[in-house]
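A structural walkthrough
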Amino acid sequence: MIDLTPYTMILVSLSGGKDSLCIALETVKAAREQGVFHRLMAVHCDTDAEWFETPSVVRNHCRLLDIPLQIVHPHRGIPDYIEQRGMFPSMSCRFCTSLKTSAIEKFVRSLYPAKKECKILSVTGERREESPHRAKLCEFEIHHTLTAGKRQVFHYRPILDWDVVKVWDTINKSGIPPHPAYTGFGNERLSCALCMFACEKDLRNGARNRPDLAQRYLEVERRTGFTFRYKQSLKDILSGETQ
Ligand code: SF4
């Protein structure tokens, strides 16, 4: 963990998943050791596409770790946005991720306008082994979107080089219960209940957890002819058929 003492606020982004629980555990531990625990805050973006249990899981993690939590919402939820556009996010057009990050950035701007002198650390849980894109990320860098005027903001990714074994070891040692998507449903990863980048098993689990969301996406496919993934419909994935 880096030196946390220069920061006015240390903002930990929580999704409810295993990686975000690890960054919360690591940041809480380091902040206590460095005497800046009172500067910690967690933020969770509820996109309307979350697992049913996610908001309560995030609240429980923050309660057990004794850190304040702010839940933010994008100006329009992901399912609403998909219905309005009549298409799903893709690798080249990840408007869903932008909705999440914009909501968190808006929250930071509201707390710390650019005229207010401050130094903010944004802690997130990306890991290199998750994707080629994440493999190229830096552990620490300036947050170009949020840094303005007297407000300085930095990205910090403390578990970028961790593997999944270390992630689960850390959680198991902490005694904090992980999201039931892993323990109850056997998910590999946790994201939105229905994420275009999830494996088929996780998608079928997500549809069982959020049948309302699955119905909305199936209706978009039916109405527009666009498929949930490139050349692969959610309808086929959920019925167990692949191309
Ligand atoms: S989890 Fe998937 S669907 Fe949800 S915001 Fe991230 S990329 Fe988009």
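First things first, this report covers the structure right here in the doc.

Cut-offs used in this document
- Residues numbered from 1 in each chain as written.
- Predicted model: local features only at pLDDT ≥ 70, side-chain atom pairs only at ≥ 80, totals over all residues.
- Helix = DSSP H or I, 4+ residues; strand = E, 2+ residues; numbered from the N terminus.
- Expected span 1.5 Å × (residues − 1).
- Buried ≥ 20, exposed ≤ 12 C-beta atoms within 10 Å, placed from the backbone.
- Contact = placed C-beta atoms within 7 Å.
- Near = placed C-beta within 6 Å.
- Nonpolar A, V, L, I, M, F, W, Y, C, P; charged D, E, K, R; others polar.
- Core = buried A, V, L, I, M, F, W, Y, C linked by C-beta atoms within 7 Å.
- Pairing = 2+ DSSP bridges.
- Right-handed = clockwise from strand over helix to strand, strands pointing away.
- Axes fitted to C-alpha atoms, helices over the stretch in contact; angles between N-to-C directions.

**Thoughts on helix 1 (residues 18–33)**
Look at helix 1: 23 Å from first C-alpha to last across 16 residues, which is about the 22 Å you get at 1.5 Å a residue. Within helix 1, burial applies to Lys18, Asp19, Ser20, Leu21, Cys22, Ile23, Ala24, Leu25, Thr27, Val28 and Ala31. Just beyond helix 1, the residue with positive phi is Gly35, at close to 70 degrees.

**Thoughts on the environment of Asp19**
Looking at where Asp19 falls in the secondary structure, it is placed in helix 1. As for Asp19 and Gly175, which are separated by 156 residues in sequence, their C-alpha atoms are 15 Å apart. Once you skip the residues sitting within four places of it in the chain, Asp19 turns out to touch Gly125, Arg127, Ile159 and Val167.

**Topic: the site of the ligand**
Surveying the vicinity of the ligand reveals the residues Ala49, Pro89, Arg94, Cys96, Thr97, Lys100, Ser191, Cys192, Cys195, Met196 and Phe197. Tallied by class, residues from the shell around the ligand come to seven nonpolar, two polar and two charged.

**Here's the deal with the nonpolar core**
Counting 33 residues, the largest nonpolar core has Ile10, Val12, Ala24 and Leu121 as its most contacted members. Looking at this core, the elements that each hand over two or more residues are strand 1 (9–13), helix 1, strand 2 (40–45), helix 2 (54–65), helix 4 (95–111), strand 4 (118–123) and strand 6 (151–156). Broken down by element, the residue count for this core peaks at seven residues, all from helix 1. Core analysis: the next-biggest nonpolar cluster, separate from the first, contains 24 residues, Ile78, Phe88, Cys192 and Met196 among them.

**Side note on the pairing of strand 2**
Looking at chain direction, strand 1 and strand 2 are connected through four bridges and run parallel. Within strand 2, the position partnered with Val12 by the bridge is Ala42. Taken together, strand 1, helix 1 and strand 2 constitute a β-α-β crossover, and its handedness is right-handed. Pairing between strand 2 and strand 3 (residues 69–72): four bridges, direction parallel.

**Considerations on the pairing of strand 6**
Relative to strand 6, strand 4 is paired through six bridges, and the arrangement is parallel. Across the sheet, the residue bridging to Val123 is Tyr156, located in strand 6. Sheet topology note: the strand 5 (residues 140–142)/strand 6 ladder contains three bridges and is antiparallel. What sits directly across from Ile142, in strand 6, is Phe154.

**Considerations on the sheet that holds strand 6**
The mixed open sheet is built from six strands, whose spatial order is 3-2-1-4-6-5. Edge positions in the open sheet fall to strand 3 and strand 5, since each of these has one partner strand only. Mean inter-strand twist for the sheet, computed between neighbouring axes without regard to direction, equals 25 degrees. Relative to the sheet, helix 1 contacts strand 1, strand 2 and strand 4, its axis offset from that of strand 1 by approximately 160 degrees. Contacting strand 1, strand 2, strand 3, strand 4 and strand 6, helix 4 runs over the sheet at an angle of about 145 degrees to strand 2.

All quantities given are derived from atomic positions and should not be read as evidence of function.
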